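Chains, contacts and geometry: an overview
Each chain, letter by letter, is given below.
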Protein chains: 2
Amino acid sequence: MSEFSIIDEFFKPLGLIGHRHSTDIGIGDDGAVISCPEGKKLVVVTDTLVEGVHFPLETSGYDIAWKALAVNLSDLAAMGAEPAFYTLCLSLPQRCTDKSFLMDFAAGLKDLASKYGVPLVGGDTTKSDRLTLTISAHGWVDDTKVLRRDAAQVGDKIYVSGNIGDGALALQALLKKYDAALLSATVFDKFYRPEPRIKLGLALGGIAHAAIDISDGFIADLEHILQASNVSAEIDYAAMPFSDSMKQYLQATHDAWLPLTGGDDYELCFTLPESQLAGFESVIEKEDFGVSFHSIGSIVPRTERGVVWKNAPNLDESISTKGYEHF
Amino acid sequence: MSEFSIIDEFFKPLGLIGHRHSTDIGIGDDGAVISCPEGKKLVVVTDTLVEGVHFPLETSGYDIAWKALAVNLSDLAAMGAEPAFYTLCLSLPQRCTDKSFLMDFAAGLKDLASKYGVPLVGGDTTKSDRLTLTISAHGWVDDTKVLRRDAAQVGDKIYVSGNIGDGALALQALLKKYDAALLSATVFDKFYRPEPRIKLGLALGGIAHAAIDISDGFIADLEHILQASNVSAEIDYAAMPFSDSMKQYLQATHDAWLPLTGGDDYELCFTLPESQLAGFESVIEKEDFGVSFHSIGSIVPRTERGVVWKNAPNLDESISTKGYEHF
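Overview of the structure. Not measured: the values here are computed from a predicted model.

Remarks on the overall build of chain A
If you tally the helices and strands in chain A, you get 10 helices and 12 strands. Scaling as 2.2 N^0.38, a compact globule of 327 residues should have a C-alpha radius of gyration of about 20 Å, and chain A matches this with 20 Å. For chain A, the C-alpha atoms occupy an extent of roughly 60 × 50 × 35 Å along the three principal directions. Looking at chain A as a whole, 61% of its 327 residues are labelled buried. Once local pairs closer than 6 in sequence are excluded, the contacts in chain A between residues at least 24 apart make up 86%. For chain A, the exposed area adds up to about 12,400 Å²; of that, 49% sits on carbon and sulfur atoms. If the 27 positive side-chain charges of chain A are averaged to one point and the 46 negative ones to another, these points end up 1 Å apart.

In structure tokens:
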């Protein structure tokens, strides 16, 4: 298929998703023109996925597309922003230019984009011998509700959403380092179809002090908050939320740090001041966020070590601040 | 070098370029937070460059970075937007993670970004075996000054800036299909370091009916205007602006359509109503746009054929609407 027929058949329909009426010009010009809602700040995030690096070669078009958009929406969630629109740059090897792959790919984008009403407003399609996708997602946020990394304060309670480490566990199975048959389907779902915590991010605006999405591994991402805020953290290993599959893995392998150093969680880690704890508890009681929450520790004054562990098995200092390293 | 030391050493300084005070949060959080100027529309453009597809493997880091940002700024110019900020996603093969390549790469970005005062506000760095860059550039435009593709009207005069075809001519030499020694240095500059026509785009706002940047080849890009506006064009081949190197090439090869079907021009093609011609002439007399302008034809009512050529040598119907095809 030619570049322009791919755009017409598969991507232009994705421009019709959402009813925000903010797209003055979408796909089909040199650029998109967007109306900015009064009094809102623009949030811009961008992430690239490369085949063989971020997903196995045999991953379906649907899952590749879902994940590429999800990891970007997850960044918007971590900023407390409401998703508005996105662009897609796609470098396609020849095998991915056939109709069935592209249909599947577009379906993955459509299903996730429809959940949040975000239209595709532009992009670029080029050839390459390695499937590479870059999405840039855009959202709006009230000035007073921006979730930053550098605003954690001593005394804050530290929370995470969902279970930690299932993305990394799925990868262990995909790399044939652990028996895939021992994992529940939800573990693979975490890897292939993460759910961006948009509703949670919006609810945390004006309540949480600091937030980040966990994508490079829990410890590495928490460290980003700690360094930016110039604080340390006391974390209770025993309070870390692990799935049943993960608990079984830990029992079998004693690989206690996998869930905390592996990537691909796409959960939020956030800090709440004491004064907001009751308010937060009442919000999560009233509303369904589709995910559980876990209080795992506290922000403490900065010391040499970023994270101080309680109840941690086999503590290996060298690994305790390590996350996913690209190079 | 690790991902985070690359960001700290080479990319964070690029966030300090420009004095627009619109970046509330830049590099170093999950996303950038930007203040929107009142009454302006946001323009979003994005383009990917892949090594071996958009530039030869031996291209310097400086030139790769320059071109990647330039082609995006060129899209902003074609929308009539003032550049504001950009993001960069970089997929790096191992050989590009050494200091000397990255220093050179950052210098190319810095030099072009400084010209237009645009800060880098975020991005992503991943590994790949093929150097791939996606930039997304953002700008602001007055609602009444947006330059669209679909607004050409019968009777408009058609203009292009600069010379057409030099980028394609440089590529012929790089592919060893033509003797590089016969080309002036400016021809290679067009390929490696195109100058985005930002000032021209801003001046055309409210004056031009339609505009596009010529990136896939003159005919293909003009066709985008014609189809979107449901009109045709009469173009005088003899009025097309060619460099001396191009004229020599045409004499030697009789390859009359290379300059009109090759890509990489990054000049603007725009249409002006009769009523604005005098105004436009007086603007280009008073101000220096750093480029020449050429009136090459007129918009006519839509017929089956998009472009009707006058004074055209060796007209080959099959090629007359062909531009760069990726697949």
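Points about the sheet that holds strand β2 (residues 32-35) of chain B
As summarised here, the arrangement of the six strands in space is β5(A)-β4(A)-β6(A)-β3(A)-β2(B)-β1(B), forming an open sheet in which the pairing is mixed. The sheet is open, and its two borders are formed by β5 (120-127) of chain A together with β1 (23-25) of chain B, each paired with just one other strand. Each strand axis lies, on average, 20 degrees off the axis of its neighbour in the sheet, ignoring direction. One ladder, built from nine bridges, connects strand β4 (residues 82-92) of chain A with strand β6 (residues 132-142) of chain A; its direction is antiparallel. Bridged to A:P83 within β6(A) is A:G139. Against the sheet, helix α1 (residues 3-11) of chain A makes contact with β4 and β5 of chain A, and its axis sits at roughly 145 degrees relative to β5(A), the strand it touches most. Along the sheet face, helix α2 (residues 61-79) of chain A touches β3 (40-50), β4 and β6 of chain A together with β1 and β2 of chain B and points at about 145 degrees away from the line of β3(A).

Description of the pairing of strand β11 (residues 293-301) of chain A
Residue and element names in this part refer to chain A. Judged from the five bridges that link them, strand β7 (residues 157-161) and β11 form a sheet pairing that is antiparallel. Residue pairing for β11: V160 is matched across the bridge by H294. With five bridges connecting them, strand β9 (residues 231-236) and β11 associate as antiparallel partners. Residue pairing across strands places A233 opposite I299, the latter belonging to β11.

Quick notes on the environment of B:G206
All names here are of chain B. Looking at the secondary structure, you find G206 in the loop between α6 (198-204) and β8 (210-214). Among the residues examined, G206 registers a relative accessible area of 46% and is labelled partly exposed. Considering only alpha carbons, one finds G206 and T144, 62 residues apart in sequence, at a separation of 6.2 Å.

What to know about helix α1 (residues 3-11) of chain B
All names here are of chain B. The complete set of buried residues in α1 reads E3, I6, I7, F10 and F11. Taken around the axis of α1, the buried residues stretch over an arc of 105 degrees, which confines them to a single face. Buried residues belonging to α1 abut β4 (82-92), α3 (99-116) and β5 (120-127).

A word on the pattern of salt bridges
This structure, assessed with the given rule, holds 30 salt bridges over all chains. The partner of A:D24 in a salt bridge is B:K41, and the shortest N-O contact between them spans 2.6 Å. Of this pair, A:D24 sits in strand β1 (residues 23-25) while B:K41 sits in strand β3 (residues 40-50), which puts the two residues in different chains. Using a relative accessible area of 32% as the deciding quantity, one classes A:D24 as partly exposed. Here B:K41 falls in the buried class, since its relative accessible area comes to 13%. Between A:R149 and B:D29 there is a salt bridge whose closest N-O contact spans 3.7 Å. In this pair, A:R149 sits in the loop between β6 and β7 while B:D29 sits in the loop between β1 and β2, so the two residues belong to two different chains. Here the two residues A:R149 and B:D29 agree in accessibility, since each one is buried.

Definitions and limits used
- Residues numbered from 1 in each chain as written.
- Chains lettered and ligands numbered in written order.
- Predicted model: local features only at pLDDT ≥ 70, side-chain atom pairs only at ≥ 80, totals over all residues.
- Heavy atoms only, no water.
- Helix = DSSP H or I, 4+ residues; strand = E, 2+ residues; numbered from the N terminus.
- Rg over C-alpha atoms; globule rule 2.2 N^0.38 Å.
- Buried < 20%, exposed > 50% of the residue type's maximum accessible area, 1.4 Å probe, protein only.
- Contact = heavy atoms within 4.5 Å.
- Areas by Shrake-Rupley, 256 points an atom, 1.4 Å probe, with all protein chains shown as cover.
- Lys, Arg positive; Asp, Glu negative; His and termini not counted.
- Charge placed at Lys NZ, Arg CZ, Asp CG, Glu CD.
- Pairing = 2+ DSSP bridges.
- Axes fitted to C-alpha atoms, helices over the stretch in contact; angles between N-to-C directions.
- Arc of directions from axis to C-beta.
- Salt bridge = Lys/Arg side-chain N within 4 Å of Asp/Glu carboxyl O.

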